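Summary of structural features
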Amino acid sequence: MWVYVAPDAAVKFTVLKLKNESGRARKLSVTGYAEWVLGDLRPKSAMHIVTGIDSGTGALFARNSYNMDFKDRVAFSRPTIQIIP
């Protein structure tokens with residue numbers, strides 16, 4: 001797994017590369033986990049985080065309208081799967 005951070009944006013890319021060397025077909029499940037704070041302390045902000053899924057892109061959005069400093073900001077996660085034979 002490689003993690004890349006954009007030097008000019010608040011974006012992180014995580015790339016997971018797997019290779020099946022068994023010669024048999026396999027099923028794979030990958031799960032991502034994010035514990036968004038969107039504020040100064042998680043216990044204070046967790047109850048105010050609102051999430052939603054964009055039907056067009058499949059991206060998961062999160063925002064915290066109660067944090068006055070960042071009320072107009074949106075966090076997102078958009079998984080992209082690419083299968084390379």
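What counts, and where the lines are drawn
Residues numbered from 1 in each chain as written. Predicted model: local features only at pLDDT ≥ 70, side-chain atom pairs only at ≥ 80, totals over all residues. Heavy atoms only, no water. Helix = DSSP H or I, 4+ residues; strand = E, 2+ residues; numbered from the N terminus. Rg over C-alpha atoms; globule rule 2.2 N^0.38 Å. Buried < 20%, exposed > 50% of the residue type's maximum accessible area, 1.4 Å probe, protein only. Contact = heavy atoms within 4.5 Å. Areas by Shrake-Rupley, 256 points an atom, 1.4 Å probe, with all protein chains shown as cover. Salt bridge = Lys/Arg side-chain N within 4 Å of Asp/Glu carboxyl O.

Before going further, it helps to spend a moment on the overall build of the protein. When you go through the protein residue by residue, the secondary structure sums to one helix and five strands. Beginning at the N terminus, the succession of helices and strands in the protein can be written as β-β-α-β-β-β. Relative to its length of 85 residues, the protein is extended, with a C-alpha radius of gyration of 17 Å against a globular reference of 12 Å. Projected onto its principal axes, the C-alpha coordinates of the protein cover approximately 55 × 30 × 25 Å. In the protein, which comprises 85 residues, the proportion classed as buried is 9%. Within the protein, contacts between residues at least 6 apart in sequence are counted, and of these 16% link residues at least 24 apart. By element, 56% of the accessible surface of the protein is carried by carbon and sulfur atoms, the whole surface being about 8100 Å².

One pass over the full model with this rule turns up two salt bridges. Here E35 ties to R42 by a salt bridge, and the two come within 2.6 Å at their closest N and O atoms. The partner of K44 in a salt bridge is D40, with the nearest N and O atoms 3.0 Å apart. For K44, a relative accessible area of 48% gives the class partly exposed. On the basis of relative accessible area, D40 is assigned to the exposed category, the value being 55%.

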